[in-house]
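# Understanding the architecture of this molecule
Now for the letters of each chain:
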Amino acid sequence: MDRVILFDMDGVLVNTEPLHYQLWKQVFAERGIDLAFEAYKGCIGANGKRLMELVLEHYGVDFRGEKSVFDRYYQLKSDHLRHGDIPRIEGVNETLAELQKRGWRMAVASSSTQDYIDLCTERVGIAPFFQVRFSAQWVKNTKPAPDVFLAAAEKMGASPEICVVVEDSTNGTLAAKAAGMRCIGFDNPDSAGQCLDAADVRIGSFRELLEVL
């Protein structure tokens with residue numbers, strides 16, 4: 001039987017959610033806004049466009065049309081990725097190797113940009129495990145819409161009902177279920193206590209994944 005598993009990346013394969021917040025906090029500090037985590041956390045699992053909506057909602061300042069905000073963020077992130085560490089989720093490499101051994105076909109389906117997905121997975125040595133690495137930049141709607149998971153499944157040649165999604169965010173679990181896929185919620189304490197109630201099952205460590213598939 002064909003078995004396909006789609007992984008979110010940030011907070012699931014690499015523990016980069018705290019890094020994203022710190023970089024965005026610096027970007028907005030340069031513009032006179034002290035970005036509180038409570039205002040930021042609603043964009044976890046989504047993308048920068050969603051963050052701009054949250055900044056408008058919480059601070060009354062509209063950055064949605066300002067390309068310089070995104071350019072500064074990507075500059076800071078690029079500098080960090082060239083010179084800093086990419087925090088790993090414990091047990092990821094070993095678990096992916098075991099899944100491959102058991103015959104699972106695997107893909108990344110992330111709200112991050114394509115170049116960032118490629119760089120992160122290559123830097124931490126997990127890129128060869130994935131047949132597809134797919135960014136939500138190629139679809140119309142970001143999570144919690146199902147677009148990124150449906151498109152990644154299509155690229156894998158898999159129907160939604162045979163796909164399993166591993167997600168750490170509220171937006172991601174909602175997107176997985178909207179796509180008609182089984183969802184495993186990963187309780188990552190660095191992902192801001194996300195509500196994972198939409199998931200079919202929850203795990204507290206990556207190694208538990210093998211027990212619930």
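Residues numbered from 1 in each chain as written. Predicted model: local features only at pLDDT ≥ 70, side-chain atom pairs only at ≥ 80, totals over all residues. Heavy atoms only, no water.

## Description of the packing of aromatic side chains
For the structure shown, the criterion picks out eleven aromatic pairs. Ring centres of F7 and F130 lie 6.1 Å apart, and the angle between their planes is 75 degrees; this geometry places the pair in the edge-to-face category. With a gap of 123 residues between them, F7 in strand 1 (residues 4-7) and F130 in the loop between helix 6 (114-123) and strand 3 (132-135) connect regions that are remote in the sequence. You can call F7 buried: its relative accessible area is 0%. Measuring from ring centre to ring centre gives 5.4 Å for F28 and F63, while their planes differ by 65 degrees; the resulting arrangement is edge-to-face. Of the two residues, F28 sits in helix 1 (residues 17-29) while F63 sits in the loop between helix 3 (48-59) and helix 4 (67-83), which places them 35 residues apart along the sequence. Overall, the relative accessible area of 5% leaves F63 in the buried class. The structure contains a cluster of three or more aromatic residues connected by ring pairs, namely W24, F28, F63, F70, Y73 and Y74. Over the face of the ring belonging to Y116 we find K77, whose NZ or CZ atom lies 3.8 Å from the ring centre. (Phe/Tyr/Trp six-rings, centres within 6.5 Å; stacked < 30°, edge-to-face > 60°. Helix = DSSP H or I, 4+ residues; strand = E, 2+ residues; numbered from the N terminus. Buried < 20%, exposed > 50% of the residue type's maximum accessible area, 1.4 Å probe, protein only. Lys NZ or Arg CZ within 6 Å of the ring centre and 35° of its normal.)

## Some remarks on the environment of L150
Within the secondary structure, L150 sits in helix 7 (residues 147-156). Considering only alpha carbons, one finds L150 and G32, 118 residues apart in sequence, at a separation of 39 Å. Ignoring anything within four residues of it in the chain, the contact list for L150 reads P160, A179 and M181. (Contact = heavy atoms within 4.5 Å.)

## Here's the deal with the environment of R72
Here R72 shows up in helix 4. For R72, a relative accessible area of 21% corresponds to the partly exposed category. Leaving out residues up to four positions away in the same chain, R72 has contacts with Q26, V27, E30 and R31.

## Considerations on the side chain of D168
In this structure, D168 sits in the loop between strand 4 (163-167) and helix 8 (170-178). Although D168 lies buried, it forms no salt bridge, and the closest oppositely charged side chain, K143, sits 6.8 Å away as judged by the N-O distance. For D168, the residues in contact, after removing those within four places along its chain, are D8, D10, G11, V12, E17, F186, N188, S191, Q194 and L196. (Lys, Arg positive; Asp, Glu negative; His and termini not counted. Salt bridge = Lys/Arg side-chain N within 4 Å of Asp/Glu carboxyl O.)

## Describing the nonpolar core
Counting residues in each nonpolar core, the largest one holds 30 residues, and the members touching the most others are F7, L13, L96, F130 and L209. Looking at this core, the elements with two or more residues in it are strand 1, helix 5 (92-101), strand 2 (105-110), helix 6, strand 4, strand 5 (182-186) and helix 9 (209-212). If sequence neighbours within four positions are ignored, L96 has contacts with F7, L13, M106, I126, F129 and F130. (Core = buried A, V, L, I, M, F, W, Y, C linked by side-chain atoms within 4.5 Å.)

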